[in-house]
Amino acid sequence: MADILSKGSLFPEELIPEFIKQTRGASALAKLCAARPIPFNGTKEFTFSLDKEVDIVAENGAKGKGGATLSPVTIVPLKIEYGCRISDEFLYASEEAQLDYMGAFADGFAKKAAKGLDLMAFHGINPRTGTASSVIGSNHFDSKVTQAVTIASGDKPDDNIEAAIALVQGAENEVNGMVMAPLFKGELAKQTTADGAKLYPQLAWGNNPGMINGLQVETTSNLSANSSVDRALVGDFANTFRWGYAKEIPIEVIKYGNPDNDEVLGDLKGHNQIYLRGEMYIGWGILDPSAFAIIKAASAG
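*Asks:* Please clarify how the overall build of the protein chain should be interpreted in this entry.
*Replies:* When its secondary structure is counted, the protein chain shows 7 helices and 12 strands. As presented, the protein chain carries roughly 15,900 Å² of accessible surface, and 51% of it is formed by carbon and sulfur atoms.

Below is the structure:
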């Protein structure tokens, strides 16, 4: 096997399966919806909305007009990157040691990429700055989903969930998943029956069972991040949300210069350092916003 450093600009093949596994494991959206490969120039997903019901046709009778609305959604992958400085001992290490370096970096990058997917798709923000991204634009749940339930004082969390589900089902969509913020899950875990027993004992002590009342449920602080009032998101993740990534995951080993524009540390060579930079191309699309409903707090506090 060739030296890791000479393999060019891609992660070693040994690391890719674990990288993807880590990404899926750390993103609520990735758990609720399987990924699909996306070409670099993007892909189009089409949804058909049939405007009328089926028609009975008598023998020798004329067939009527049905009609359909075609709604294409273009999913274009965005480039995300993460880099860090490490000792230039990496350059002189054995192949096994270089692979260990790369494995540790890939593990951390995968988790950051997973969190980034959630933050970008939920809120449309640049994960690093926490500010709205013009590259993402309106391609996120906070912008596209208009069906909402606002939590009022004294509300029971499961009543809020039922109300949100009713909104989705009222729009003739199905509900097969829910994302909860930790605060909302905590309130749900507190609910008791008339005799004081826990209504949802599977949520006790911070457990994340993955399934409640037959519904797939994931909990993540990404939903309420950045002072968001979002507390839960319910809907048809399996059929009306798409996400994916380009298969190749470039990594660059930079030996010279100041690639992170760090004014304090300055030139890599002057500090016996190199810079590892990983890039990933990831995209997503919300095919039908009416297939989702958000449960929101009255304020961010």
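*Asks:* Is there a simple way to think about the nonpolar core in this case?
*Replies:* Across soluble globular proteins, you tend to see nonpolar side chains buried next to one another. Membership of the largest hydrophobic core comes to 40 residues, with the highest contact counts inside it found for Phe 141, Leu 233, Phe 237, Phe 241, Trp 243, Trp 284 and Phe 292. Of all elements in the fold, only helix H2 (28-32), strand S3 (78-87), helix H3 (95-123), strand S9 (241-245), strand S11 (273-286) and strand S12 (292-296) reach the threshold of two or more residues within this core. It is H3 that contributes the most residues to this core, 8 residues altogether. Beyond its immediate stretch of four places on either side in the chain, Phe 141 contacts Leu 29, Ala 121, Phe 122, Leu 233, Phe 237, Phe 241, Ile 286, Phe 292 and Ile 294. Ranked by size, the runner-up nonpolar core spans 20 residues in total, among them Val 168, Met 180, Leu 188 and Leu 203.

*Asks:* Is there a simple way to think about the packing of aromatic side chains in this case?
*Replies:* Aromatic ring pairs: the centre-centre distance and the angle between the two ring planes describe each pair. Scanning the entire structure with this criterion turns up 7 aromatic pairs. Plain terms: the ring middles of Phe 141 and Phe 292 are 5.0 Å apart, the flat faces sit at 75° to each other, and that makes the pair edge-to-face. Here Phe 141 is found in helix H4 (residues 141-144), whereas its partner Phe 292 is found in strand S12, with 151 residues between them in sequence. With relative accessibility at 0%, the residue Phe 292 sits in the buried group. Between Phe 237 and Phe 292, the aromatic rings sit 5.1 Å apart at their centres with planes inclined by 70°, giving edge-to-face as the arrangement. Residue Phe 237 is found in helix H7 (residues 237-240), and its partner Phe 292 is found in strand S12; the two are separated by 55 residues along the sequence. Residues Phe 237 and Phe 292 agree in their burial class; the two are buried. One aromatic cluster is present, built from ring pairs that chain together Phe 122, Phe 141, Phe 237, Phe 241 and Phe 292.

*Asks:* Would you mind going over the environment of Ala 106 with me for this structure?
*Replies:* In this structure, Ala 106 sits in helix H3. Separated by 143 residues in sequence, Ala 106 and Ile 249 have C-alpha atoms that sit 9.9 Å apart.

*Asks:* When you look at the sheet that holds strand S5 (residues 177-180) in this model, what are you seeing that I'm missing?
*Replies:* Strand order in the open sheet formed by 6 strands is S4-S12-S8-S5-S7-S6, with mixed pairing between adjacent strands. Edge positions in the sheet fall to strand S4 (148-150) and strand S6 (211-212), since each of these pairs with one other strand and no more. Here S5 runs beside strand S7 (residues 215-219); their pairing, made up of 4 bridges, is parallel. Looking across to S7, one finds that Val 179 is bridged to Glu 218.

*Asks:* I would appreciate a short explanation of the environment of Lys 269 in the present structure.
*Replies:* Tracing the backbone shows Lys 269 in the loop between strand S10 (251-254) and S11. Lys 269 sits 181 residues away from Asp 88 along the chain, and the two C-alpha atoms are 8.6 Å apart. Sequence-distant contacts of Lys 269, that is, excluding residues within four places in its chain, are made with Lys 255 and Tyr 256.

Scoring rules and cut-offs
- Residues numbered from 1 in each chain as written.
- Predicted model: local features only at pLDDT ≥ 70, side-chain atom pairs only at ≥ 80, totals over all residues.
- Heavy atoms only, no water.
- Helix = DSSP H or I, 4+ residues; strand = E, 2+ residues; numbered from the N terminus.
- Areas by Shrake-Rupley, 256 points an atom, 1.4 Å probe, with all protein chains shown as cover.
- Core = buried A, V, L, I, M, F, W, Y, C linked by side-chain atoms within 4.5 Å.
- Buried < 20%, exposed > 50% of the residue type's maximum accessible area, 1.4 Å probe, protein only.
- Contact = heavy atoms within 4.5 Å.
- Phe/Tyr/Trp six-rings, centres within 6.5 Å; stacked < 30°, edge-to-face > 60°.
- Pairing = 2+ DSSP bridges.

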